[in-house]
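Residue strings, one per chain:
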Amino acid sequence: EANSEVEDRLRFNRPFDCIEIEMGFSTNVLSKLGLDSGPTIVWFDYDGVLTESIRIDVRSLAASVTPYSVIVVTLDARWKELLETTKSVEAPNPEEYEALSNFEKIARLTGDKRFLTADLSGDGLTENYRRSLVGQVEAGLRERNLETAESGVGRRIAFRQLFNFRYCDGAEMATFGWLVYPEDEAQKVDAVGFENLDFCRTDNTYYRIVAPKLTFREIRELNRFLPLGEAPANIPVSEEFKSAYKKIYRYFPCFTEAEI
């Protein structure tokens, strides 16, 4: 957490003592976490658009995490938010920066020249976010494998994309995820059968998460007939909602909060 003003509140609201909070920007904190001690799931849950610091985080992590770790990145995928963010960039020469085109400003913000000529219309923006981050995973592994080749110690590391999600939780968001693993154990990864999971995406096609708006009572009733049965017609929910819920019910959050 980078905002030091809320540190006391964050620590007070920890639901479990085992949760550790590290204050500071991820770029500075990552190296202190000992993520090379064993397979790790690292989720960069950013609430903003793609920036150069995010790309640096991903590259650094790909170059250092233990094999069979998973790297996940969530970003704001809105064009409007991207343009607003470019306006907040602190440039050495503000007048010169203001004279730049939107594409030039985006390239400065992300540190990626692909945005100078990329098609960012429609799904193009989010797809170029994905490609930019894939490039950083590749760069991190390239550095890592070069060191391995020069030292003669260690194994070559490969990666595979697992997630390419789109969803809306008040803002259009995107989540990408990759598994890093020893290159000579690709057959073991193949044997897992990730491609058999409906939500896994190994290329530029994406899975849109649609969470139907249901009441707790409706959810309880629908759950009674899943996974094999069909919900009866007397549950006052549209067939569209029933179908959407059936796809994600196993991952739908189930929680309650009560004070007595």
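Read on for an overview of the structure.

Reading the values: the criteria
Residues numbered from 1 in each chain as written. Predicted model: local features only at pLDDT ≥ 70, side-chain atom pairs only at ≥ 80, totals over all residues. Heavy atoms only, no water. Axes fitted to C-alpha atoms, helices over the stretch in contact; angles between N-to-C directions. Helix = DSSP H or I, 4+ residues; strand = E, 2+ residues; numbered from the N terminus. Left-handed = near helix turned anticlockwise from the far one by under 90°. Contact = heavy atoms within 4.5 Å. Nonpolar A, V, L, I, M, F, W, Y, C, P; charged D, E, K, R; others polar. Pairing = 2+ DSSP bridges. Phe/Tyr/Trp six-rings, centres within 6.5 Å; stacked < 30°, edge-to-face > 60°. Buried < 20%, exposed > 50% of the residue type's maximum accessible area, 1.4 Å probe, protein only. Core = buried A, V, L, I, M, F, W, Y, C linked by side-chain atoms within 4.5 Å. Parallel < 35°, antiparallel > 145°, perpendicular 65-115°, else oblique.

1. Points about the packing of helix 3 (residues 52-62) against helix 7 (residues 124-151)
It is the contact of helix 3 with helix 7, at a shortest axis distance of 7 Å, that shows an interaxial angle of 35 degrees. In this structure, helix 3 crosses over helix 7, and the sense of that crossing is right-handed. For the pair helix 3 and helix 7, the contacting residues are Ile54, Arg55, Ile56, Val58, Arg59 and Ala62 in the first and Ser132, Leu133, Gln136, Val137, Ala139, Gly140, Leu141, Glu143 and Arg144 in the second. Residue composition of the contact of helix 3 with helix 7, by class: eight nonpolar, three polar and four charged.

2. With respect to the sheet that holds strand 2 (residues 70-76)
Overall, mixed pairing links the five strands, which are arranged 1-2-4-3-5 in an open sheet. The sheet is open, and its two edges are formed by strand 1 (41-45) and strand 5 (207-208), each paired on a single side. Packing of helix 3 onto the sheet brings it into contact with strand 1 and strand 2, and relative to strand 2 it is tilted by some 175 degrees.

3. Details of the packing of aromatic side chains
In total, this model carries nine aromatic pairs according to the counting rule given. Measuring from ring centre to ring centre gives 6.3 Å for phenylalanine 115 and tyrosine 129, while their planes differ by 65 degrees; the resulting arrangement is edge-to-face. Of the two residues, phenylalanine 115 sits in the loop between helix 6 (102-110) and helix 7 while tyrosine 129 sits in helix 7, which places them 14 residues apart along the sequence. Taken together, Phe163, Phe165, Phe199, Tyr207 and Tyr251 form an aromatic cluster joined through their ring pairs.

4. Notes on the pairing of strand 3 (residues 157-168)
Consecutive side chains along a regular strand alternate between the two faces of the sheet. The element strand 3 is extensively covered by neighbouring structure, given that nine of its twelve residues are classed as buried. Bridge analysis of strand 3 against strand 4 (residues 172-182) gives eleven bridges, and the strand direction is antiparallel. The partner of arginine 166 across the bridge, within strand 4, is alanine 174. The turn joining strand 3 and strand 4, which pair antiparallel and follow one another in sequence, is formed by three residues; a positive phi near 110 degrees is taken by glycine 170. Across two bridges, strand 3 lies against strand 5 in parallel orientation. Among the inter-strand pairings, phenylalanine 165 is bridged to a residue of strand 5, identified as tyrosine 207.

5. As for the nonpolar core
The biggest cluster of nonpolar side chains holds 33 residues, and the ones touching the most others in it are Phe44, Leu61, Val73, Leu75, Tyr129, Leu133 and Trp178. Elements with a minimum of two residues in this core: strand 1, helix 3, strand 2, helix 6, helix 7 and strand 4. If you tally residues by element for this core, the top one is helix 7, at six residues. In this view, tyrosine 129 contacts Val49, Leu50, Leu75, Asp76, Ala77, Leu82, Phe115 and Phe176; residues no more than four positions away in its chain are not counted.

6. Observations concerning the packing of helix 4 (residues 79-87) against helix 6
Packing of helix 4 against helix 6 brings their axes to within 10 Å, and their N-to-C directions diverge by 75 degrees. With respect to helix 6, the element helix 4 is oriented roughly perpendicular. Listed contacts from helix 6 to Trp79, Leu82, Leu83, Thr85 and Thr86 of helix 4 are Asn102, Lys105, Ile106 and Leu109. Its residues assigned to classes, the contact of helix 4 with helix 6 comprises five nonpolar, three polar and one charged.

7. Looking at the side chain of threonine 51
By secondary structure assignment, the location of threonine 51 is in the loop between strand 1 and helix 3. With a relative accessible area of 18%, threonine 51 lands in the buried category. Once residues lying within four places of it in the same chain are set aside, the contact partners of threonine 51 are Leu109 and Thr110.

8. Things to note about unusual backbone geometry
Of note, the bond from leucine 226 into proline 227 is cis; its omega dihedral lies within 30 degrees of zero at 10 degrees. The residue proline 227 is located in the loop between helix 9 (216-223) and helix 10 (239-248) in this model. Even without a glycine there, the phi angle at tyrosine 68 is positive, about 75 degrees. Within the element layout of this structure, tyrosine 68 appears in the loop between helix 3 and strand 2.

None of the figures reported here should be taken as evidence of function without further support.
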